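Observations on the three-dimensional arrangement
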Amino acid sequence: MSYLTQKTIKNTVSFDGVGLHSGVNVNLHIKPAEPNFGIVFKRIDLKNNNLVFPNFINVSNTSLNTTIENEFGVKISTIEHLMGALFCLGIDNALIEIDNEEVPILDGSAKVFVEKIQKIGLKISSFPIKIIKINNEVEYSENSRFISIKPSTLSLDIEFQLKYQNPVIGNQKNLVNVYEDDLNDVFNSRTFCLHEDIEMIKKNGLAKGGSLENAIVVKDKEILNHEGLRNQKEFVNHKILDCIGDLYTCGYRIIGSIKCVRGGHYLTNQLLKKIFSKKENFSIIEIKEKNLPHNLINRNILRSIA
């Protein structure tokens, strides 16, 4: 398979389920798209002004999810797990039709998205991919929360650390090479919350569809889900999944090295805004050659198109 040419899915793949925050049932269909189409959401429950582009500039809310909104006020929320799946599977082009405002939460991870898309398969074009190469270190911080990105040779590395007083979660840390590592633990890791936070979350009108079927709930020293954790670092791995999905709102895959402490949707969005505020921070590059795995990419086969 060519790693360096644009891909879409072979056939339409469909999902249905409840929205984590809205509590409303929703149907979602990912459809094949032509090269250079990008990732586009379409609200099929609306007749007009119903296209929403998952771009970091269009992110209108980052409270417990990532919500995008077009100029007409049309929204799509909780896009991060689906976007993470598309990023890691190498899908450059797709039309995502949805009949409500929120992407279904499914099991709280990207597992179902990944498995169904892999079963359908990918269609490979002859059009080269474009990637974003980080040229300068950029960082954003608020109090003890911090995220940075610096140049990397060929990879996207994400080092993420959680710092919770809860003894089950604790100071969990992981480092993932997105283009090289086995990402199954990242795909399979579910969203989570502390039991003591649930009442406040629901008072804010969120998590109406939340349950032990789609989220890990931690109460003191106990995980309330009967099956326990899917992997030892499920908490931080889910945060890495969120980060990957939010990064894809830049439009292309990225070459860079990220470090994040106590981050989330807001910090990743602020980092992207800061990166793209100055042209010298990044280059958009296009791959000239075909059929080379990404670990063989070198400067001789990259052509700057910035």
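Below is a short write-up of the structure. (Residues numbered from 1 in each chain as written. Predicted model: local features only at pLDDT ≥ 70, side-chain atom pairs only at ≥ 80, totals over all residues. Heavy atoms only, no water.)

**Focus on the pairing of strand E14 (residues 156-161)**
Counting buried residues in E14 gives five out of six residues, a clear majority hidden from the surface. As defined by bridge partners, E14 adjoins strand E19 (residues 253-261) across six bridges and the pair is classed as parallel. Bridge pairing in E19 links Phe-160 to Cys-260. Alignment of E14 against strand E15 (residues 173-177), held across five bridges, turns out to be antiparallel. Across the sheet, the residue bridging to Ile-158 is Val-176, located in E15. (Buried < 20%, exposed > 50% of the residue type's maximum accessible area, 1.4 Å probe, protein only. Helix = DSSP H or I, 4+ residues; strand = E, 2+ residues; numbered from the N terminus. Pairing = 2+ DSSP bridges.)

**Considerations on the packing of aromatic side chains**
Throughout the structure, instances matching the rule amount to eight aromatic pairs. Aromatic pair Phe-87 and Tyr-179: ring centres 6.3 Å apart, planes at 5 degrees, arrangement stacked. Highlighted residues: Phe-87 in helix H1 (residues 80-89) and Tyr-179 in the loop between E15 and helix H3 (184-188), separated in sequence by 92 residues. One exposure class covers both Phe-87 and Tyr-179, and it is buried. Members of the aromatic cluster, joined through ring pairs, are Phe-56, Phe-276 and Phe-282. Geometry around Phe-15 places Lys-116 over its ring, the cationic atom sitting 5.1 Å from the centre. (Phe/Tyr/Trp six-rings, centres within 6.5 Å; stacked < 30°, edge-to-face > 60°. Lys NZ or Arg CZ within 6 Å of the ring centre and 35° of its normal.)

**Let's talk about the packing of helix H5 (residues 234-247) against helix H6 (residues 265-275)**
Relative to each other, H5 and H6 sit at 35 degrees, their axes nearing to 10 Å. The handedness of the crossing between H5 and H6 comes out as right-handed. Of the residues in H6, those touching H5 at Asp-242, Cys-243, Asp-246 and Leu-247 are His-265, Thr-268 and Leu-272. Counted by class, the contact of H5 with H6 contains three nonpolar, two polar and two charged residues. (Axes fitted to C-alpha atoms, helices over the stretch in contact; angles between N-to-C directions. Left-handed = near helix turned anticlockwise from the far one by under 90°. Contact = heavy atoms within 4.5 Å. Nonpolar A, V, L, I, M, F, W, Y, C, P; charged D, E, K, R; others polar.)

**Quick notes on the sheet that holds strand E16 (residues 192-194)**
Ordered in space as E16-E17-E18, the three strands form an open sheet in which the pairing is mixed. Edge positions in the sheet fall to E16 and strand E18 (222-223), since each has one partner strand and no second. With two bridges joining them, strand E17 (residues 216-219) and E18 adopt antiparallel strand pairing. Looking at E18, one finds that Val-218 is bridged to Ile-223. Taken strand by strand, H5 contacts E16, E17 and E18, and its axis lies near 135 degrees from that of E17.

**Some remarks on the environment of Ser-14**
Counting through the fold element by element, Ser-14 comes out in strand E2 (residues 13-18). Note: C-alpha distance between Ser-14 and Ile-96 (82 residues apart in sequence) is 9.6 Å. Only 2.7 Å separates the side chain of Ser-14 from the side chain of His-29, close enough to count as a polar contact. (Polar contact = N/O pair within 3.5 Å; in protein donor to acceptor, adjacent residues only side chain to side chain.)

**Remarks on unusual backbone geometry**
Residue Asn-49 is not a glycine yet carries a positive backbone phi of 50 degrees. Mapped onto the fold, Asn-49 is located in the loop between strand E4 (39-43) and strand E5 (51-52). A positive phi is found at Leu-106, a non-glycine position, where the angle reads about 55 degrees. For Leu-106, the location among the structural elements is in the loop between strand E9 (94-98) and helix H2 (111-120).

**Brief notes about H2**
By the burial criterion, the buried members of H2 are Phe-113, Val-114 and Ile-117. Projected down its long axis, H2 shows its buried positions confined to an angular sector of 95 degrees, all on one face. If you follow the buried residues of H2, they end up packed against strand E1 (5-9), E2, strand E3 (25-32), H1, strand E10 (122-128) and H3. Two residues or fewer past H2, Gly-121 is found with a positive phi of approximately 95 degrees. (Arc of directions from axis to C-beta.)

**Thoughts on H5**
Think of an α-helix as 3.6 residues a turn; residues three or four steps apart then line up on the same face. Its 14 residues give H5 an end-to-end C-alpha distance of 20 Å, which sits within 8% of 20 Å, the value for a rise of 1.5 Å per residue. Extensive coverage of H5 is indicated by the burial of 14 of its 14 residues. (Expected span 1.5 Å × (residues − 1).)

Such coordinate-based values are descriptive only and should not be taken to indicate function.
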